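Remarks on the overall topology
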Amino acid sequence: MQNKPLSFSVDIRLNKRKNLLNFDFSIVFTVFLLGLFGLAMIYSASGSYTLVLRQAMYFFLGAILMITAAMSNFRKMEPIYLNAVWIGFFFLVLVLVLPNSGTTNRWINLGFIGFQPSELMRFLLPISAAAYLTRNPQIKLSDWIIVLVTTLVAFILVFLQPDFGTSAIVLLSGIMPIILSGLPWRFIIYSFLGGIGTLPFLWMSLMDYQKERIYTFVSPEADALGSGWNIAQSKIAIGSGQFFGKGYMEGSQSQLDFIPESHTDFIFAVIVEEFGFLGALGLFLLYAFLINRLLYVAKSSNSKFAKLVSATLSIILAAYITLNISMVVGIFPVVGMPLPFISQGGTALVVNMITIGIILSLRRTT
Amino acid sequence: MNNFSREKFKTGEEYSRALFFLSPFIFLFSISLFQVFNLTLFQGDKYQTIAESNRIYQKPINPVRGFIYDRKGTLLAENIVQRDLYVTPVYIEDSSKTILMLSNLLDMPYELLEENYSRGLKKVKKFDSFPLVKALNEEQIAKAKVNLDSISGIEVKATLKRYVLHEETLAHVLGYVGDISSNEIRRDRLLAELQNTQIGKTGIEKEFDYILRGKPGIQTQERDVKGKLVRVLDTQGAEDGKDIYLTIDQKLQDYLFKLFENRRGALVAIEPKTGLIRALISSPSFNPNILNSIVDTDKVESLFSNKESPIFNRAVSGQYPPASTLKPFVGLAAIENEVISWDEKIKDDGEFYVEGDPRPYRGWKENGHGRVDMRKAIAESSDVYFYTIAFDLTLAGIRPMLDSFGFGKKTGLTDFEANGLLPDKKWKLGYKGDFWFKGDTINLGIGQGYILATPLQLAMAYSGLANRGVIYEPQFIQPADEKSFKPKKVAEIQLSDTKDWEKMEQALVDVISARNGTAHKVFDVNSAVIAGKTGTAQIKSILPGKEYDAIRENPALRDHALFVGYGPVEDPKLVVAVVIENGESGSEVAAPIVKSAINFYTRGFDAK
C-alpha cells in the first residue's frame, strides 16, 4: 500500500509517449558494436557457424529484451523487484538437485537451450536488495543484516556448484547495495577484516582444480605443460599480435587451437593476436566509455533505488571485464569468467543486455 | 511529498562510494592495458618468434579399442593399423606440383588426387590437415617413408581401425564402428574428448561401446614452423578399452552361416537353461570392415541401397507372422481354459465355417486330416482344429498365454529389437480403424493375421516350452563361470496341470518323429531327439477364386518358411528358431538347419 503514492506520481511523468525512446543511444550503439564484434571473433576462434548462429540468436533475443527494458517504466514495478530474488533461488536450488552431466552443476537444460542460474542471480540479487533497502525512508540495521544473509546463502549455493568465479560475483552483487546504501564505514572495515579471517576456510573448501589454478598463478613455470599451459599460450598469442595484429582469421595461435577455450573465456587473446595492441586499445576505450556512461546514471539520478541498482550493475559489469582481461593477460589467477558482450555464452549475453536496458530505463525515468 | 523525503534520503554518497569500490577494478584495468602494451610492443618480437618456431601441440592419444572374443576365446574383432596420407594445405607452396609428384610416387591418377585435394580443401580450416589418400598399401608406405619425410605439409598418419575376422558371418552380432558425429557428442558429452576415434554404431560395438572404447590420453609435442614433429615433451597414456567375451559359439555360428547359402532369413540359437545366445544370424549379410574403415564410399553406398537390405538385422528386428509355430501356445491356452481336453477330437475336413458367414477358412491340406486330437493336430499341423479352438477361446482367452510367453514385447537383448505385434481390439481400432472380428481371432489361432514375432521372440517362447514355463533373460556377454552362472528369470508360466508340458512336448516330438509329422522328412535315427514345430507364413492372403500357385509366380510373395525347435528333449541344450524368407516350406528348408544346429552344438558334428 505504501508504494501507491510513488507509483502514481511517477506514472504521470512517464505517460508522455515521446519519453519512451528518450534513452542514451551512445550506450546502445556501444553494446551493439561489442556484440557484433564478438560474433565475428567467435567465428574466427571456433570456425563454427553453428556456434555463431546460436550466439546471434541470443544476441537478437538480448537486443529485444534490452530495448523492452529500456522502454519500460522500471520503477513502477518495485514490488516485483522486491521478490525477483526468489526466482533466482528457485533455479539455484533446482540446478543443484537435478542430475548433472559432469563434475560441475552449472546448467539447467531446457531441451534445445540451457542456461546458467548463477548468471541470473548476480543480476536479480542486487535489484531485490536495492528494492528492499529503499522500501522505507530510513534503513535499519536489520535490513542490512537480512540482505547480507540472503547474499551469503546465494553465494554458498553458487559456490557449491562449484563455480568460484561467479560465486564471488554473486557475493559482490549482494554486498554492493549494502555498502552503497550508507552502511557506516566502521561496519565495512570490520566485515572486511572478518572476511579475511574466513579465507583459510574458503581455501580448504576449494576444489583441487581451483587450488591448482592459484598455484599456477603464483608460479606458472612450475607446471608449464599442465595448467600453466593456458596462460603461456595466451601470452604468446597476445605478444605475437604486436602492434597491428596478424589479421582477422590469420592468428596461428588461435587457428591452430593452441589457445584453450578460445571462443569463450580466452577470446581476448584471439582479439589481440589478430588485431594487435591497436585492437586491444580500441576495446579498452569502448569498455571504459560504456562503464563511464553507465555510472553517470548513478551520479545524476535523484532516486536512491536507481542509484543503488545502476551503480551495482555497473560495478559488476566492470568486474567481469577487468577480471576476464587480467586473467587472460596473466596478471590474475584463472577463474572461469566470460568477457561481457563478446565471449560465446547465451545466458551471460542476455543478462548483460537486460542489465544495460534496466540502467537505460533508470536514466530515462529520473 | 511523501516520496520525495524518502527518495532524497542521504543522497550523494552512493556515487562516491561506487567510485571508491570501483577503484580496484580501474587499477586492474590499467595494469592489464599496460601488460598488453608490454607483451605486444616490448616483448612482441620474442613472442612472435615463439609463436612461429616453438609450436607445442597437445595431441590426444587415442585409446586402443577392446577386442571381442567368443565364449571359447576365439578372436572375433581386433584393430589393424591403417596408414593415411595427410596434407596440410597451408604448408604446401605449389599444390599442382605437389599433387603431380604424389601421383607419380604413389602410382595414382593425377585427376583423382586433385579431386580429393580440392574436396578436402573446402572442408577444413586454414591450418588443418585432411586425408588425401586413405589406406596406403605396403609399397606406397615404403615409398612415402623414403621420399616424403623432408617435404613439408605432407605426413603419413597411422590410425587403428576396427577389423572383424569372420567378416560376413558375425556382422549383425558385432555391428560396425564409425566416426563420432556431432549429434552423438550432443547426446553424450564424454565423447567430445574422444574425437578422431571410432565408436560403435550398431550391435555389440554400440551396446558395449562404453566398455570397449577406453579413455584418451594426451601427448605434448614440439613441432617446427612447418609442422614437423621435433620431439615429444610429455605423454599421459590413454586408458585402453577392455575386451569382451561373447556367448556366441563361433564354430556353430560359422557352420550355420554356411547353411544359409545367402538365402534371406534369420536364425537365433539360445541355451534355454541360461538365456545365453550361442548363434545369431541374419542373411544376407555384409562385411563390417567396409564400414569400419571407409575407404571406398561406393561400396558403402551400395551396401545401404541394396534391395536385399543386408545391414538390416532380421534376427532381432525382422517381424514375421509366426504361422503354425504359434500353435503350441494356442493349444496350451485351450487346455488351460478347458475349451478342449487332450483326448477330445475335432473333425477336420479341410474347411472351417463361422455361423452366418459363407466364407470358408481353409486348412493347408485340401481334404483335411480327418478326426484329430491335440497331439495329432500339432504333429500334422491341422488348421481346422486350431480355427475351432481359437474360435471357442476368443481373443481374451488366447492373448494372456501369448503375452506370458513374451509375444509382442521386447526381450531386452539389444536396443535394436523390434516389438513384434500381439494385436488386441484397441490396437486394431487405433491402427486399422476397424473393429475386431471373429475372423481375426480365428486367423490368430494359426499364427496368421496381424500377429508378428521376431525370430528372437520365437526362440525365447520355445525356451519357455523346453524349461516347463521358465524363460531366462537372453544375453550376449559370456559369464566368467558358466557353471555358477545364475540367469535372470523373465517369466515363469504356471499350468494347472504340469503334465501338460510333457504332453505338448510329446506332440512337438511327433512333428519330426511320427510318420505323419509335418517335418518327418528330417527324421533321422542318429540325431538327437528334437521337439519343434514347422510354420509356413502367408504374406499374401489368398482371395477366393485365386490359387496359391498363381501367387507363387512372384518369388517375393512366396510363403516364409519357419521352424522352431529344441533338443535333445531329455535335457534341452539349445533352442533354435529359423526363418527363411519366401522359403515356402518350413519342413524342407528351415527344419534341417535347426536339426543341424542342435546336433552340431551338442555333439560337435552333424548327424547325416
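Computed from a predicted structure; not experimentally measured. Counting starts from 1 at the beginning of each chain's written sequence and moves along it residue by residue. Following the order in which they are written, the chains are lettered starting with A and the ligands numbered starting with 1. For this predicted model, a pLDDT threshold of at least 70 governs which residues receive local features, and a threshold of 80 or more governs which side-chain atom pairs are given and counted, while totals over whole chains, interfaces and linings are taken from all residues. With hydrogens and water set aside, each side-chain value is computed from the structure's full complement of heavy atoms.

**A short note on the overall build of chain A**
Working definition: helices are DSSP H or I runs of at least four residues, strands are E runs of at least two. Numbering for both runs from the N terminus. Counting secondary structure elements, chain A contains 14 helices and two strands. Counting all 366 residues of chain A, 55% fall into the buried class. Contacts in chain A between residues at least 24 apart in sequence constitute 76% of all its contacts with a sequence separation of at least 6. For the area figures, the Shrake-Rupley method with a 1.4 Å probe applies, and any residue is considered shielded solely by the protein chains shown. When the accessible surface of chain A is totalled, it reaches about 15200 Å², and 70% of it is carbon and sulfur. For the exposure calls, accessible area comes from a 1.4 Å probe over protein chains only, and a residue counts as buried if that area is under 20% of its type's maximum, exposed if over 50%, partly exposed in between. Contacts: residue pairs with any heavy atoms within 4.5 Å of one another.

**Points about the overall build of chain B**
When its secondary structure is counted, chain B shows 23 helices and 21 strands. Relative to all contacts within chain B whose residues are 6 or more apart in sequence, the contacts with residues 24 or more apart total 72%. About 28800 Å² of surface is accessible on chain B, with carbon and sulfur atoms providing 51% of the total.

**Brief notes about the side chain of Arg213 of chain B**
As for its placement among the helices and strands, Arg213 of chain B is situated in the loop between helix H10 (209–212) and strand S8 (217–223). Residues in contact with Arg213 of chain B, not counting those within four places in the same chain, are Pro63, Val64, Arg65, Asp188, Leu191, Leu194 and Gly241 of chain B.

**Some remarks on the packing of aromatic side chains**
Two aromatic rings from Phe, Tyr or Trp, using only the six-membered ring of Trp, form a pair when their centres are within 6.5 Å; if the ring planes differ by under 30 degrees the pair is stacked, by over 60 it is edge-to-face, and anything between is tilted. Enumeration over the complete set of coordinates arrives at 33 aromatic pairs over all chains. Seen from their ring centres, Tyr81 of chain A and Phe305 of chain A are 6.2 Å apart, and the 15° between their planes marks the pair as stacked. Of this pair, Tyr81 of chain A sits in helix H4 (residues 78–97) while Phe305 of chain A is found in helix H13 (residues 304–328), placing the two residues 224 residues apart along the sequence. Judged by centre distance (5.5 Å) and plane angle (80°), the ring pair of Phe37 of chain B and Phe42 of chain B falls under edge-to-face. Taken together, the aromatic side chains of Phe243, Phe244 and Phe277 of chain A together with Phe37 and Phe42 of chain B make up a single cluster linked through ring pairs. Remark: a charge is flagged as sitting over a ring if the NZ atom of Lys or the CZ atom of Arg is within 6 Å of the ring centre and within 35 degrees of the ring normal. For Arg135 of chain A, the ring lying beneath its charged end belongs to Tyr132 of chain A, and the centroid distance is 4.0 Å. Against the face of Tyr361 of chain B rests Arg359 of chain B, its NZ or CZ located 5.1 Å from the ring centre.

**Some points on unusual backbone geometry**
Residue and element names in this part refer to chain B. Residue Pro284 is reached from Ser283 by a cis peptide bond, and omega for that bond is 0°. Residue position: Pro284 is located in the loop between strand S12 (277–283) and helix H12 (288–292). A cis amide bond, omega -10°, links Gly567 with the succeeding residue Pro568. Residue placement: Pro568 occurs in the loop between strand S20 (560–567) and strand S21 (574–580). At Asp107, a position not held by glycine, the phi torsion is positive, near 60°. Here Asp107 lies in the loop between helix H4 (95–106) and helix H5 (110–123). Look at Asp107 and you get exposed, because its relative accessible area is 69%.

**Looking at the interface of chain B and chain A**
Many structure descriptions define interface size as the accessible area lost when the parts assemble. Between chain B and chain A, the residue contacts involve 46 residues of the former and 73 residues of the latter. Overall, the association of chain B and chain A removes approximately 5300 Å² of surface from exposure, summing both partners, and the carbon and sulfur fraction of that is 68%. Should a side-chain nitrogen of Lys or Arg be within 4 Å of a carboxyl oxygen of Asp or Glu, the pair is scored as a salt bridge. Inspection of the chain B/chain A interface yields one salt bridge. Note that Glu14 of chain B and Lys304 of chain A form a salt bridge whose closest N and O atoms lie 2.9 Å from each other. Counted as a polar contact is a pair of N or O atoms within 3.5 Å, where, for protein atoms, one must be capable of donating a hydrogen and the other of accepting one, and residues adjacent in sequence contribute only when both atoms are in side chains. There are six residue pairs in polar contact (both at pLDDT 80 or more) connecting chain B and chain A. Mapped onto the side of chain B that touches chain A, the elements with two or more residues apiece are helix H1 (2–7), helix H2 (13–42), helix H3 (44–53), strand S1 (55–61) and strand S9 (229–236) of chain B. By residue number, the principal contributor to the side of chain B that touches chain A is H2 of chain B, which donates 21 residues. Residues belonging to the side of chain B that touches chain A are distributed by class as follows: 23 nonpolar, eleven polar and twelve charged. A 1.4 Å probe defines the accessible area here, and the buried area is the portion of it lost by two parts on being joined, summed over both. For this scheme, ten residues count as nonpolar: Ala, Val, Leu, Ile, Met, Phe, Trp, Tyr, Cys and Pro. Four count as charged, namely Asp, Glu, Lys and Arg, and the remainder, Gly too, count as polar.

**Description of helix H14 (residues 346–364) of chain A**
Expected span of a helix, by definition, is 1.5 Å for each gap between consecutive residues, and there is one gap fewer than residues. In a regular helix each residue adds 1.5 Å, so 19 residues correspond to 27 Å; H14 of chain A covers 27 Å between its end C-alpha atoms and thus fits that length. Within H14 of chain A, 18 of the 19 residues are buried, which leaves it mostly tucked inside the rest of the structure.

**Focus: the nonpolar core**
Core analysis: the largest hydrophobic core is formed by 116 residues, its most contacted members being Leu246, Leu267, Phe405 and Phe407 of chain B. The greatest single-element share of this core, amounting to eleven residues, is contributed by helix H17 (residues 383–404) of chain B. Throughout the structure description, domain borders are defined by an automatic or database domain assignment. Both domain 1 (59–245) and domain 2 (250–603) of chain B contribute no fewer than three residues apiece to this core. Nine residue types can take part in a nonpolar core, namely buried Ala, Val, Leu, Ile, Met, Phe, Trp, Tyr and Cys, and a core is a set of them joined through side-chain atoms within 4.5 Å. Leu120, Ala237, Leu294 and Val351 of chain A belong to the second largest nonpolar core, which has 109 residues in total.

**Overview of the side chain of Gln140 of chain B**
Residue and element names in this part refer to chain B. Summarising the element assignment, Gln140 is placed in helix H6 (residues 138–147). Given the relative accessible area of 10%, Gln140 is considered buried. Contact partners of Gln140, with chain neighbours within four places excluded, come to Leu106 and Met108.

**Considering the packing of helix H5 (residues 117–133) of chain A against H14 of chain A**
All names here are of chain A. Geometry is summarised by axes, namely lines fitted to C-alpha atoms with helices restricted to the contacting stretch, and by angles between N-to-C directions that run from 0 to 180 degrees. In contact at an axis separation of 8 Å, H5 and H14 are set at 20° when each is read in the N-to-C sense. On the basis of the axis angle, H5 is roughly parallel to H14. The crossing of H5 and H14 is left-handed. Residues Glu119, Leu120, Arg122, Phe123 and Ile127 of H5 form the contact with H14, whose own contacting residues are Thr347, Ala348, Val351, Asn352, Ile354, Thr355 and Ile358. Residues of the contact of H5 with H14, tallied by class, amount to seven nonpolar, three polar and two charged. To sort the angles, those under 35 degrees are grouped as roughly parallel, those over 145 as roughly antiparallel, those from 65 to 115 as roughly perpendicular, and the leftovers as oblique. Note: crossing handedness is left-handed where the near helix turns anticlockwise from the far helix by less than a right angle, and right-handed where it turns clockwise.

**Notes on the environment of Leu94 of chain A**
All names here are of chain A. Topologically, Leu94 is positioned in helix H4. Taking the relative accessible area as the measure of exposure, Leu94 reaches 27% and is therefore partly exposed. As for Leu94 and Pro117, which are separated by 23 residues in sequence, their C-alpha atoms are 9.0 Å apart.

**A few points about helix H15 (residues 327–336) of chain B**
Counting along an α-helix, one turn takes 3.6 residues, and residues three or four places apart therefore face a common direction. Residue and element names in this part refer to chain B. In terms of burial, H15 is a largely internal element, nine of the ten residues being buried. Along H15, the residues classified as buried are Lys327, Pro328, Phe329, Val330, Gly331, Leu332, Ala333, Ala334 and Ile335. Glu338 lies just past H15 and shows a positive phi near 55°.

**Describing the environment of Tyr43 of chain A**
All names here are of chain A. On the secondary structure map, Tyr43 appears in helix H2 (residues 25–46). Residue classification places Tyr43 among the partly exposed residues on the basis of a relative accessible area of 22%. Residues Tyr43 and His263, 220 residues apart in the sequence, show an inter-C-alpha distance of 8.0 Å. For Tyr43, the contacting residues outside a window of four places in its chain are Ser48, Tyr49, Val52, Tyr248 and Met249.

**So, the confidence of the model for chain B**
By definition, pLDDT measures how confident the predictor is in each residue, and it falls between 0 and 100. Residue-level pLDDT values for chain B average 83, and 91% of them are 70 or greater. Counting interchain partners and residues more than four positions distant, the pLDDT-below-50 stretch residues 1–10 of chain B has 22 contacts.

**Looking at the confidence of the model for chain A**
Per-residue pLDDT for chain A has a mean of 83; in total, 85% of the residues score no lower than 70. This stretch, residues 1–17 of chain A, has a pLDDT under 50; its non-local contacts, to residues over four places away or in other chains, come to 20 contacts.

**Here we look at the pairing of strand S19 (residues 531–537) of chain B**
Residues and elements named next belong to chain B. The buried fraction of S19 amounts to six of the seven residues, a majority that puts the element mostly inside the structure. Should DSSP find at least two bridges between two strands, the strands are taken to pair. Summarising the sheet, S19 and S20 pair through seven bridges and their orientation is antiparallel. Paired with Ala531 across the bridge in S20 is Tyr566.

**Brief notes about the pairing of S21 of chain B**
Residues and elements named next belong to chain B. The buried count for S21 comes to seven of seven residues, which makes it a mostly enclosed element. Burial of the side chains of S21 extends over both faces: Leu574, Val576, Val578 and Ile580 are buried on one face and Val575, Ala577 and Val579 on the other. Looking at chain direction, strand S11 (residues 265–270) and S21 are connected through six bridges and run antiparallel. Each residue of the ladder has a partner; that of Ala266, found in S21, is Val579. Note that S20 and S21 share seven bridges and pair antiparallel. Each residue of the ladder has a partner; that of Gly567, found in S21, is Leu574. Two successive antiparallel strands, S20 and S21, enclose a turn made up of six residues.

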